[in-house]
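# A structural walkthrough
In case you want the letters, here they are:
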Amino acid sequence: AQPPSAQPQGQGPWVVRAHYADRQMVNDLAAWLEPWEVHHDEGYLVVAVDRAGYDRMLEAGFHLEIDWHLTGELNQPRAMLPGQTSGIPGFPCYRTVEETFATAQQIVATHPHLATWMDVGDSWEKTEPGGNPGYDLRVLRLTNSAIPGPKPKLFVMASVHAREYTTAELATRFAEVLAQDYGTGPDVTWLLDYHEIHLLLQANPDGRKMAEAGDLWRKNTNEDYCSPTSNRRGADLNRNFEFQWGCCGGSSGFECDELYRGPDPASEPETQAVQNYVRSQFPDQRGDSLVDPAPDAASGVFLDLHSHGQLVLWPWGFVSTPAPNATALQTLGRKLAYYNGYEPDQAYGLYATDGTTDDFAYGDLGLAAYTFELGTWFFEECDVFENTILPGNLPALLY
């Protein structure tokens, strides 16, 4: 670490360890820049900043130390490894957007009685005339179609934040395990006979293509915000959902900020696709008041995969008050954390967030809604993914 008195040269970005005096400093920071890690017990957080962000944090009273090792990894050029023929350059274990879609199509072709590959909406670039072609947002649904429903449903979404490499791959590996083990594994066979698994493998494909090139890209690529050519453009899709959008200091109204929530609730086509699809699959099981609980018989689980932090989180994220179903959410959250070994907590325990996916799923529909924060780095090395994240989280997903 560099002594805080020594000012770094250049424009960054740098990964910094930022020491703070109180939690309000963290909440104030989280209104424009998302901390990568928060350690309230030790009084520091980890985040990446450019020159403007570095100076802004100094002015806010943070005591900054640069992590030169992580800064070096952050600025490492992306290149194919010797002999690498597929995957993200330098990371052969992580499929590209196109390879992820090809895997889903292959699962459907091999297991047509189990799998359906559905177009549920468009990326921002797909909605724009000319320019980049963009992508369809697609859901891979897995269930034994020969056994009629209705069946309980699990919805999993991944890579809504583009730079989080592990998430789409974990969801894709989960799909492969379900398809391959059906008929031989009794638990998987029972799951697909009597349940539906819905997987949105790439929730932000435009942004993901930017991240595949090594950019620290978080948002979508909407050129209407910040500047058409800026790497700060776009909206943070996980601050753009309608429920409690922009309510509570957990997002930014400035277009170039990392946590820009968009100009209106659900302004982005990716957000609209997720909301519309989830609402089409699950009934509204909770009243309109914030204090209305979902009934004990409520069905459905919603899971958003993120990285990093080794956490299992549940609503609320916008306020410290426990959700009406707090005891049940905590109980299931702790059980999921038993399987992956992560720390279970209400989302607000880290810092305030608003307009998020899991608050939408629980607040709007009464679903048991969770976020997994996988691993310890956005660009997780393949050996860590294969040997730690994958074996640690597959049991949690199956549970």
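Scroll up to find the structure this text is about.
Heads up: these notes are all about the structure in this document. Throughout this description, residue numbers start from 1 for each chain and increase along the sequence as written. Where totals are concerned, whole chains, interfaces and linings use all residues; where local detail is concerned, this predicted model gives features only for residues with pLDDT of at least 70, and gives and counts side-chain atom pairs only at 80 or more. Derived side-chain values reflect all non-hydrogen atoms in the structure, with water molecules and hydrogen atoms excluded from consideration.

To qualify as a helix, a DSSP run of H or I must reach at least 4 residues; to qualify as a strand, a run of E must reach at least 2; elements of each kind are numbered from the N terminus. Counting its secondary structure elements, the protein chain contains 12 helices and 12 strands. What the globule rule says is 2.2 Å times the number of residues to the power 0.38, and the radius of gyration is computed from C-alpha atoms. Relative to its length of 399 residues, the protein chain is compact, with a C-alpha radius of gyration of 20 Å against a globular reference of 21 Å. Seen through its principal axes, the protein chain has C-alpha atoms that stretch 65 × 55 × 45 Å. Throughout, exposure labels follow a simple rule: accessible area from a 1.4 Å probe, protein chains only, divided by the maximum for the residue type, with under 20% read as buried, over 50% as exposed, and the rest as partly exposed. When each of the 399 residues of the protein chain is scored for burial, the buried share is 56%. At a minimum sequence separation of 6, the contacts of the protein chain that also span at least 24 residues come to 75%. A 1.4 Å probe and the Shrake-Rupley method give the accessible areas. Residues count as covered only by the protein chains that appear here. Total accessible area computed for the protein chain in this model is approximately 15,900 Å², and 52% of it derives from carbon and sulfur atoms. When charges are tallied, Lys and Arg are placed among the positive residues and Asp and Glu among the negative ones, while His and the ends of the chain are skipped. In plain terms, the charge of a residue is placed at NZ if it is Lys, CZ if Arg, CG if Asp and CD if Glu. Side-chain charges in the protein chain split into 25 positive and 55 negative, and the spacing between the mean points of these groups amounts to 2 Å. Residues count as neighbours in contact if any of their non-hydrogen atoms are within 4.5 Å of one another.

A pair of strands is treated as paired once DSSP finds two or more bridges between them. In space, the eight strands of this open sheet follow the order β5-β6-β8-β7-β9-β12-β10-β11, with mixed pairing throughout. Every other strand in the sheet has two partners, leaving β5 (115-122) and β11 (343-346) as the edge strands with one partner each. Along the sheet, successive strands turn relative to each other by an average axial angle of 20 degrees, direction set aside. For β5 and strand β6 (residues 136-142), the ladder comprises seven bridges, and the chain directions are antiparallel. Looking at the pairing, W117 lines up with L140 of β6. The strands that helix α9 (residues 269-281) touches are β5, β6, β7 (153-158), β8 (196-200) and β9 (301-306); relative to β5, the one it contacts most, it runs at about 130 degrees. Each axis is a line fitted through C-alpha atoms, taken for helices only over the stretch in contact, and angles between the N-to-C directions span 0 to 180 degrees.

Across the eight residues of helix α8 (residues 205-212), six count as buried, placing the element largely inside the fold. If you check which residues of α8 are buried, you get P205, D206, G207, R208, A211 and E212. G214, located one to two residues past α8, shows a positive phi value of around 100 degrees.

Moving on: the side chain of D354. In this structure, D354 sits in the loop between β11 and α11 (357-365). Polar contact is the term for a pair of N or O atoms within 3.5 Å; when the atoms are in protein, one must be able to donate a hydrogen and the other to accept it, and sequence-neighboring residues count only if both atoms are side-chain atoms. At 3.4 Å, the side chain of D354 and the backbone nitrogen of G249 are in polar contact. Of note is the side chain of D354, whose polar atom sits 2.6 Å from the side chain of S251. Look past the residues within four positions of D354 in its chain and what remains in contact with it is N238, R239, Q244, G246, C247, C248, G249, G250, S251 and F318.

Checked against the element boundaries, T221 lands in the loop between α8 and α9. Residue classification places T221 among the buried residues on the basis of a relative accessible area of 0%. Residues T221 and D257, spaced 36 residues apart in sequence, show a C-alpha to C-alpha distance of 13 Å. Apart from residues lying up to four places away in sequence, T221 is in contact with W124, E125, D206, G207, M210, R233 and G234. Within the structure, T221 has its side chain in polar contact with the side chain of E125 (distance 2.7 Å).

This paragraph deals with a nonpolar patch on the surface. Patch criteria: residues need more than 30% relative accessible area and no salt bridge. Like-charged residues are merged within 9 Å; nonpolar side chains of Val, Leu, Ile, Met, Phe, Trp and Tyr are merged within 5 Å. Whenever a carboxyl oxygen of Asp or Glu lies within 4 Å of a side-chain nitrogen of Lys or Arg, that contact is scored as a salt bridge. Taken together, Y338, Y339 and Y399 make up a surface patch of nonpolar side chains, about 370 Å² in accessible area. If you trace the backbone, Y339 turns up in helix α10 (residues 326-340). Exposure remark for Y339: the relative accessible area of 31% places this residue in the partly exposed category.

To continue, consider the sheet that holds strand β2 (residues 37-39). Where strands meet in a sheet, backbone hydrogen bonds hold them as pairs that are either parallel or antiparallel. In space, the four strands of this open sheet follow the order β2-β3-β1-β4, with antiparallel pairing throughout. Two strands lie at the open edges of the sheet, namely β2 and β4 (63-66), each paired on one side alone. Averaged over all pairs of adjacent strands, the angle between their axes in this sheet comes to 30 degrees, without regard to strand direction.

Turning next to the nonpolar core. Counting residues in hydrophobic clusters, the biggest one holds 112 residues, and the most contacted among them are L45, M57, L142 and F155. When neighbours within four sequence positions are excluded, L45 is seen to be in contact with V16, R17, A18, Y20, V26, L29, P35, E37, V38, M57 and F62. For this analysis, a nonpolar core means a set of buried residues of the types Ala, Val, Leu, Ile, Met, Phe, Trp, Tyr and Cys, connected via side-chain atoms within 4.5 Å.

A word on the environment of G134. Mapped onto the secondary structure, G134 falls in the loop between α5 (124-127) and β6. Residue G134 is classed as buried on the basis of its relative accessible area, which comes to 17%. For G134 and L398, which are 264 residues apart along the polypeptide, the C-alpha to C-alpha distance reads 32 Å. Those residues in contact with G134 that lie beyond four places of it in its chain are S123, E125, K126 and D206.

Below, the discussion takes up the packing of aromatic side chains. Pairing of aromatic rings covers Phe, Tyr and Trp, the last counted by its six-membered ring, and requires centre-to-centre distances within 6.5 Å; plane angles under 30 degrees mean stacked, over 60 mean edge-to-face, and any other angle means tilted. Per the stated rule, a full pass over the model turns up 23 aromatic pairs. Judged by centre distance (5.3 Å) and plane angle (80 degrees), the rings of F91 and Y165 are edge-to-face. Placement of F91 in the loop between α3 (68-74) and α4 (97-110) and of Y165 in helix α6 (residues 165-181) is noted, with a sequence separation of 74 residues between them. The exposure class assigned to Y165 is buried, which follows from its relative accessible area of 0%. With centroids separated by 4.8 Å and ring planes inclined at 55 degrees, the aromatic side chains of Y165 and F379 adopt a geometry described as tilted. Residue Y165 is located in helix α6, and its partner F379 is located in the loop between β12 (368-373) and α12 (382-398); the two are separated by 214 residues in the primary sequence. Of the aromatic side chains, those joined through ring pairs into one cluster are W36, F91, Y94, Y165, W377, F378, F379 and F385. Positioned above the aromatic ring of W245 is the side chain of R261, whose terminal nitrogen or guanidinium carbon lies 5.4 Å from the ring centre. Between R286 and the ring centre of Y362, over which it is positioned, the NZ or CZ distance is 5.5 Å. Only when the NZ of Lys or the CZ of Arg is both within 6 Å of the ring centre and within 35 degrees of the ring normal is a charge said to sit over the ring.

Here the focus is the state of the cysteines. A pair of cysteine sulfur atoms is labelled a disulfide when the two atoms are within 2.5 Å. Overall, the coordinates contain three disulfides when judged by the stated rule. Between the sulfur of C93 and that of C382 lies a disulfide, 2.2 Å long from S to S. Where C93 bonds to C382 through sulfur, the torsion about that S-S bond is close to -90 degrees, and the disulfide is left-handed. Of this pair, C93 sits in the loop between α3 and α4 while C382 is found in helix α12, placing the two residues 289 residues apart along the sequence. In the protein chain, numbering the disulfide-bonded cysteines from first to last in sequence yields the connectivity 1-6, 2-5, 3-4.

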